[in-house]
Amino acid sequence: QVQLAESGGGLVQEGGSLRLSCVPSGRTFSSIAMGWFRQAAGKEREFVAAINWGGSSKWYADSVKGRFAIYRDNGQSTVHLQMNSLKPEDTAVYFCAAEWAVVEDPTVAGSYDYWGHGTQVTVSS
């Protein structure tokens, strides 16, 4: 059974940084794609960033370009989201998602079958 374990959330002041991590278990080979989505209170879940199997392709929401960076390590299985220059509008629950089948659009939540439980990120002004 595939499980995704997220960590790294917390409370940070505006302009600060956090690094989120997502560690998958239950599969012996790297996922085709992994992504991060977020959901603020009262809003729909939205795409943040995604990365392909080898890390050669990355996608970012316009709202985080230049501030967030997604990357893989540990033999390509673990994915991190480095978040810099955080803003209060980045406050949300951040979810990790993974897929081992073909992914047509890694920026769409429906492309992923596996999700973590989420980690809270709060940015104070």
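Residues numbered from 1 in each chain as written. Predicted model: local features only at pLDDT ≥ 70, side-chain atom pairs only at ≥ 80, totals over all residues. Heavy atoms only, no water.

1. A look at the nonpolar core
Grouped together as the largest cluster of nonpolar side chains are 33 residues, with contacts concentrated most on Trp36, Val48, Phe68, Leu81, Met83 and Tyr94. At the level of elements, strand S3 (18–25), strand S4 (33–39), strand S5 (46–52), strand S7 (68–73), strand S8 (78–83), strand S9 (92–99) and strand S11 (119–124) are the ones that each hand at least two residues to this core. (Core = buried A, V, L, I, M, F, W, Y, C linked by side-chain atoms within 4.5 Å. Buried < 20%, exposed > 50% of the residue type's maximum accessible area, 1.4 Å probe, protein only. Helix = DSSP H or I, 4+ residues; strand = E, 2+ residues; numbered from the N terminus.)

2. Concerning the sheet that holds S7
Reading across from one edge, S1-S3-S8-S7 is the order of the four strands in this open sheet, with antiparallel pairing throughout. With partners counted over all chains shown, the strands left at the sheet margins are strand S1 (3–7) and S7, one partner each. The sheet shows a mean angle of 20° between the axes of neighbouring strands, direction not considered. Across five bridges, S1 lies against S3 in antiparallel orientation. (Pairing = 2+ DSSP bridges. Axes fitted to C-alpha atoms, helices over the stretch in contact; angles between N-to-C directions.)

3. Some words on the side chain of Arg67
Tracing the backbone through its elements, the reader meets Arg67 in the loop between strand S6 (58–60) and S7. Looking at Arg67, the relative accessible area reads 11%, which means it is buried. Discounting chain neighbours no more than four positions away, the residues touching Arg67 are Gln82, Met83, Asn84, Ser85, Leu86, Lys87 and Asp90. (Contact = heavy atoms within 4.5 Å.)

4. Focus: the pairing of S8
Across the six residues that make up S8, a large majority, five, are buried. Note that S3 and S8 share five bridges and pair antiparallel. Paired with Leu18 across the two strands is Met83, which belongs to S8. As paired elements, S7 and S8 share six bridges and run antiparallel to each other. Opposite Ile70, over in S8, you have Leu81 as the bridge partner.

5. Description of the environment of Thr107
Topologically, Thr107 is positioned in the loop between S9 and strand S10 (114–115). In sequence terms Thr107 and Ala49 are 58 residues apart; their C-alpha atoms lie 7.2 Å from each other. If sequence neighbours within four positions are ignored, Thr107 has contacts with Phe37, Phe47 and Trp59. In this structure the side chain of Thr107 is engaged in a polar contact, spanning 2.6 Å, whose partner is the side chain of Asp105. (Polar contact = N/O pair within 3.5 Å; in protein donor to acceptor, adjacent residues only side chain to side chain.)

6. Things to note about the packing of aromatic side chains
Within a pair of aromatic rings, the relevant descriptors are the distance that separates the centres and the angle that separates the planes. Under the counting rule described, the total for this entry stands at five aromatic pairs. Seen from their ring centres, Phe37 and Tyr112 are 5.7 Å apart, and the 75° between their planes marks the pair as edge-to-face. Remark: Tyr112 occurs in the loop between S9 and S10 and Phe37 occurs in strand S4; sequence separation between them is 75 residues. Take Phe37 and Tyr112: they sit in the same class, and that class is buried. With 6.2 Å between their ring centres and 75° between their planes, Tyr112 and Trp115 make a pair best called edge-to-face. The exposure class of Trp115 is partly exposed, given its relative accessible area of 27%. (Phe/Tyr/Trp six-rings, centres within 6.5 Å; stacked < 30°, edge-to-face > 60°.)

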